[in-house]
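# Topology and contacts: notes
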Amino acid sequence: MAARSIASLTVSFGLVSIPVKLFSATESSKAISFNMLHSTCGSRLKQQYVCIKEEVIVPREEMVKGYEFAKDQYVRFTPEELKAFEEVGTHMAEITEFVPIESVDPVYYDKAYYLAPDKGGAKPYALLTKALRESGRCALGRWAARGKQYIVMIRPADDGLVMQQLLYAGEVRSMKEIEIPETEVKDAELKLAKQLIDAQASEAFDPAAYADEVSKRIEAAIQKKVEGQEISLSEAPETGAQVIDLMEALRASLDRKPAAPAKQAKAPVTVAKAAPADERKPAKRAQAAEPAAVPAPRKKKAS
């Protein structure tokens, strides 16, 4: 099925304007989600907000948003005030500079979109794509949508362009915040490590080589549950950190044949045939905290 455009916008650099269509590059809907149910009757639970002072359920029409500026002290904002803070969408991604692609650390990457030329935009779209590819640069600019302003990076990929939302500097923690001790690396160790890298090197990243084995196991278990069958969960083998000689570990790694990414061993899920109701034993479950029927309200800050 052909992809559906989620929006239209114009990419501009200098006096050149490129009308494009926006397509989501990822599918969050693929994720498996579970609903909270009442264990006694199986009915779905609904979330409610409770006043921690009066201990009463508060209906949505009596809720207001506030910002906690000190312990248990809030300033309130009306919906009109919050609306005034929002950025007005312009349907325009204005390029402000071009930088080397490798200068943008992937830690800043956020949501990605595919761009395709809209009516009348095929020629300038192809021109920008080729110019970026041959120059080894990407375009940086700003894009306003859904009341927010985003930094965006437009980069060439395959035969088209990808618009990548970037995080702001304040949203990315510095690596200097963590402690990494200075450690000497011996030449012999470095040589073996490089040999190990060369032995497992590939020409390019192939995402199809990696499968989400956890999702597959969950989907299979769900289907068996729907069919009325029981599932038995195998005990995971206990693993612990082993203190071994680094050189010996490197040598042993080189001697061992690496497994393909998609064929890594996973804990199996075996299916047992359904027993009669009076003989059926409950399947072993992982321990999990029981959800509260009425969860405590979350503190929300003004956007």
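Residues numbered from 1 in each chain as written. Predicted model: local features only at pLDDT ≥ 70, side-chain atom pairs only at ≥ 80, totals over all residues. Heavy atoms only, no water.

### Here we look at the pattern of salt bridges
All told, the structure shown has three salt bridges when counted by the stated rule. A salt bridge links Glu86 to Lys83, with the nearest nitrogen and oxygen atoms 3.3 Å apart. Look at Glu86 and you get partly exposed, because its relative accessible area is 37%. Given a relative accessible area of 56%, Lys83 falls into the exposed group. Arg173 is paired through a salt bridge with Glu177; the nearest N and O atoms lie 2.9 Å apart. Residue classification places Arg173 among the exposed positions, given a relative accessible area of 66%. For Glu177, a relative accessible area of 48% gives the class partly exposed. (Salt bridge = Lys/Arg side-chain N within 4 Å of Asp/Glu carboxyl O. Buried < 20%, exposed > 50% of the residue type's maximum accessible area, 1.4 Å probe, protein only.)

### Remarks on a nonpolar patch on the surface
Where nonpolar side chains cluster on the molecular surface, the patch consists of Phe34, Ile222 and Val226 and spans about 320 Å² of accessible area. Checked against the element boundaries, Phe34 lands in the loop between β2 (16-24) and β3 (65-70). Judged by its relative accessible area of 59%, Phe34 falls in the exposed class. (Patch = residues over 30% accessible without salt bridge, like charges linked within 9 Å, V, L, I, M, F, W, Y side chains within 5 Å. Areas by Shrake-Rupley, 256 points an atom, 1.4 Å probe, with all protein chains shown as cover. Helix = DSSP H or I, 4+ residues; strand = E, 2+ residues; numbered from the N terminus.)

### Looking at helix α4 (residues 213-226)
One turn of the α-helix equals 3.6 residues, which is why residues spaced by three or four share an orientation. Taking 1.5 Å per residue as the helical rise, α4 with its 14 residues ought to reach 20 Å, and the 20 Å between its terminal C-alpha atoms agrees with that figure. Once α4 ends, the next one or two residues include Gly228, with phi positive near 85 degrees. (Expected span 1.5 Å × (residues − 1).)

### Some points on helix α2 (residues 122-135)
The terminal C-alpha atoms of α2, which comprises 14 residues, lie 20 Å apart, in line with the 20 Å expected from a rise of 1.5 Å per residue. Three or more residues of α2 are buried, namely Pro124, Tyr125, Leu128, Thr129 and Leu132. Projected down its long axis, α2 carries its buried residues within an arc of 135 degrees, all on one side. In this structure, α2 carries Ala122, Lys123, Leu127, Lys130 and Glu134 as exposed residues pointing more than 90 degrees from its buried face. (Arc of directions from axis to C-beta.)

### Let's talk about the pairing of strand β5 (residues 92-100)
Bridging between strand β1 (residues 7-13) and β5 involves three bridges; their strand directions are parallel. In the sheet register, Val11 faces β5, and the bridge partner there is Ala93. Relative to strand β7 (residues 137-145), β5 runs antiparallel, the two sharing seven bridges. By the bridge assignment for β7, Ile95 is matched with Gly141. (Pairing = 2+ DSSP bridges.)

### Points about the nonpolar core
Counting residues in each nonpolar core, the largest one holds 21 residues, and the members touching the most others are Val11, Leu115, Leu128, Trp143, Ile154 and Met163. Counting residues per element, the ones that place at least two in this core are β1, β2, β5, β6 (109-117), α2, β7, β8 (148-157) and β9 (160-166). Apart from the residues within four sequence positions on either side, Trp143 is in contact with Leu9, Leu22, Met92, Ala93, Tyr113, Lys148, Gln149, Tyr150, Val152, Met163 and Gln165. Core analysis: the second largest hydrophobic core is formed by six residues, Val99, Val104, Leu140 and Leu166 among them. (Core = buried A, V, L, I, M, F, W, Y, C linked by side-chain atoms within 4.5 Å. Contact = heavy atoms within 4.5 Å.)

### Considerations on the confidence of the model for the chain
Of the residues in the chain, 81% have a pLDDT of 70 or more, and the chain-wide mean is 82. Long-range and interchain partners of residues 262-303, a stretch whose pLDDT sits below 50, account for 45 contacts in this model, where long-range means more than four residues apart. (pLDDT = per-residue confidence, 0-100.)

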